[in-house]
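So the chains spell out like this:
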Amino acid sequence: MSGVQEIYPDNRIILREVGLRDGLQLVKKFPSTEAKQRWIRDEYAAGVRHFEVGSFLPAKTFPQFVDIRDIIATVASLPGAYGIALTLNERGVNEALASGVAEIASVVSATEEHSQANANRSRDSAIANVRRLCELRDASAHRPVVNAAISMALGCSIVGPVDPKEVLRLTEKLFEAGVDMVAIADTVGYAGPKQVGDVVAGAVKIAGAKPICIHLHDTRGMGIANASAALDSGARVLDGSLGGLGGCPFAPGATGNVVFEDLVFLCESKGFKTGIDIEKLVAVREILKAEMPGEALYGGLARAGLPRGTAARAA
């Protein structure tokens with residue numbers, strides 16, 4: 001069994017908690033290392049197994065990720081749990097490889113304009129960086145999974161609509177570069193269900209046996225509807241953050257990622273077994289409330305609870 005098959009087995013829904021990275025990228029106050037560790041352990045006890053743990057970025061600029069190695073070690077200590085770390089350059093890749101993290105993520109912009117504005121490089125240069133990451137992975141001792149996300153894939157903060165053919169072309173290029181999986185990211189929450197469904201269906205066809213992830217933001221209240229469309233179109237890996245924590249620097253007023261708890265409920269309601277206890281998951285929000293009292297948390301399940309007679313968990 002390959003590393004990607006171990007972490008993302010076929011014919012299973014995988015829900016990834018991205019609150020520890022994407023959810024913390026804009027907060028004014030962030031949890032202590034000990035609180036992050038409780039967050040992970042309590043979600044693990046609820047059945048969560050995949051955690052995006054942070055970014056290998058300069059600690060001076062991103063102090064919320066200064067403890068990333070400790071957080072990676074915490075996830076690695078839990079049987080069957082997997083950590084994901086974001087890297088944006090070769091220095092970060094080498095640090096991630098040295099950390100032993102199970103998965104390394106990188107990002108390529110869907111539009112040339114956003115790539116230049118956000119990273120000061122062309123999309124071709126960004127893909128070359130991903131290819132180099134794959135080369136470094138192949139030469140490493142533990143060969144982590146490599147995941148490349150296509151940001152702004154469903155709408156760009158600079159140019160607006162994005163041609164789906166460009167997204168699928170980039171998907172092909174990234175698999176050719178050697179990645180194990182591709183994530184389609186609605187970074188600023190532009191899309192509706194039809195657009196999401198069409199792009200995901202095309203990406204799944206290109207990927208074949210390899211996984212396609214969908215990463216959604218709930219900026220315009222379409223997160224759960226879009227997740228449902230992605231599931232219907234073959235996506236089996238979905239990102240969310242506890243309480244919808246997060247926000248994008250390119251979308252003022254954005255409410256962050258799709259709510260993780262509501263995402264679990266969606267999957268269970270559609271007949272996809274997640275192995276996650278929703279009530280235990282909702283209870284973990286208390287850690288965020290205590291550590292970040294000024295941050296808004298969202299979610300229908302937390303507000304209304306499970307419908308009467310609904311099981312908290314399906315195995």
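Given the structure is predicted, the values throughout are model-derived calculations rather than measurements.

Draft legend 1. Summary view of the overall build of the protein chain. Of the regular secondary structure elements, the protein chain holds 13 helices and eight strands. For 315 residues, the compact-globule formula gives about 20 Å, and the C-alpha radius of gyration of the protein chain, at 18 Å, lands near that figure. Taking the principal axes of its C-alpha atoms as reference, the protein chain extends roughly 50 × 40 × 40 Å. By residue count, 55% of the 315 residues in the protein chain fall in the buried class. Summarising the internal contacts of the protein chain: among those between residues at least 6 apart in sequence, 74% fall at separations of at least 24. Accessible surface, the protein chain as shown: approximately 12900 Å² in total, 51% of it carbon and sulfur.

Draft legend 2. Seen up close, the pairing of strand 6 (residues 181-186). Counting buried positions along strand 6 gives six out of six residues, so the element sits mostly inside the fold. Residues of strand 6 alternate between two faces, with Met-181, Ala-183 and Ala-185 on one and Val-182, Ile-184 and Asp-186 on the opposite face, all of them buried. Taken together, strand 5 (residues 145-151), helix 7 (residues 164-177) and strand 6 form a β-α-β motif whose crossover is right-handed. By the bridge criterion, five bridges tie strand 6 to strand 7 (residues 212-216) in an arrangement that is parallel. Across the sheet, Ile-184 pairs through a bridge with Ile-214, a residue of strand 7. Once the chain exits strand 6 it traverses helix 8 (residues 193-207) before rejoining the sheet at strand 7, and the crossover so formed is right-handed.

Draft legend 3. Fine view of the packing of aromatic side chains. Evaluation of the coordinates by the stated rule reveals one aromatic pair. A ring pair is formed by Phe-62 and Phe-65, whose centres lie 6.5 Å apart and whose planes are at 20°; its orientation type is stacked. Owing to a relative accessible area of 25%, Phe-62 belongs among the partly exposed residues under this scheme. Residue Phe-65 is classed as buried on the basis of its relative accessible area, which comes to 4%. Above the face of the Tyr-44 ring, Arg-49 is positioned so that its terminal group lies 3.8 Å from the ring centre.

Draft legend 4. Here's a closer look at the pattern of salt bridges. The final tally for this structure, using the stated rule, is 20 salt bridges. In this structure, Arg-137 engages Asp-138 in a salt bridge whose closest nitrogen and oxygen atoms are separated by 2.9 Å. Shared partners join several salt bridges into a network, and the residues in it are Glu-112, Arg-123, Glu-166 and Arg-169.

Draft legend 5. Structural context of the side chain of Ser-140. For Ser-140, the position within the fold is in the loop between helix 6 (123-139) and strand 5. In this structure Ser-140 comes out as buried when scored by relative accessible area, which is 17%. Within the local environment of Ser-140, its side chain forms a polar contact with the backbone nitrogen of Arg-143, the two atoms lying 3.1 Å apart.

Draft legend 6. Region of the structure containing the side chain of Asp-262. For Asp-262, the position within the fold is in helix 10 (residues 260-269). A distance of 3.0 Å separates a polar atom in the side chain of Asp-262 from the backbone nitrogen of Leu-301. In this structure, Asp-262 is in contact with Ile-224, Gly-299, Gly-300 and Leu-301, ignoring residues within four places of it in sequence.

Draft legend 7. Spatial organisation of the sheet that holds strand 5. Pairing is parallel in the closed barrel, where eight strands are placed in the order 1-2-3-4-5-6-7-8. Averaged over all pairs of adjacent strands, the angle between their axes in this sheet comes to 30°, without regard to strand direction. Taken together, the three bridges between strand 3 (residues 82-86) and strand 4 (residues 103-109) define a ladder with parallel strand orientation. Residue pairing across strands places Leu-86 opposite Ala-105, the latter belonging to strand 4. Sheet contacts for helix 3 (residues 68-76): strand 2 (50-55) and strand 3; angle to strand 2, the most-contacted strand, approximately 165°. Where helix 8 meets the sheet, it contacts strand 6 and strand 7, and its direction lies at approximately 155° from that of strand 7.

Draft legend 8. Seen up close, the pairing of strand 5. Strand 5 sits mainly inside the fold: seven of its seven residues count as buried. Of the two faces of strand 5, both are covered, the one formed by Val-145, Asn-147, Ala-149 and Ser-151 as well as the one formed by Val-146, Ala-148 and Ile-150. By the bridge criterion, seven bridges tie strand 4 to strand 5 in an arrangement that is parallel. Paired with Val-108 across the bridge in strand 5 is Ile-150. When strand 5 meets strand 6, the two strands line up parallel, connected through four bridges.

Calculation rules
- Residues numbered from 1 in each chain as written.
- Predicted model: local features only at pLDDT ≥ 70, side-chain atom pairs only at ≥ 80, totals over all residues.
- Heavy atoms only, no water.
- Helix = DSSP H or I, 4+ residues; strand = E, 2+ residues; numbered from the N terminus.
- Rg over C-alpha atoms; globule rule 2.2 N^0.38 Å.
- Buried < 20%, exposed > 50% of the residue type's maximum accessible area, 1.4 Å probe, protein only.
- Contact = heavy atoms within 4.5 Å.
- Areas by Shrake-Rupley, 256 points an atom, 1.4 Å probe, with all protein chains shown as cover.
- Right-handed = clockwise from strand over helix to strand, strands pointing away.
- Pairing = 2+ DSSP bridges.
- Phe/Tyr/Trp six-rings, centres within 6.5 Å; stacked < 30°, edge-to-face > 60°.
- Lys NZ or Arg CZ within 6 Å of the ring centre and 35° of its normal.
- Salt bridge = Lys/Arg side-chain N within 4 Å of Asp/Glu carboxyl O.
- Polar contact = N/O pair within 3.5 Å; in protein donor to acceptor, adjacent residues only side chain to side chain.
- Axes fitted to C-alpha atoms, helices over the stretch in contact; angles between N-to-C directions.

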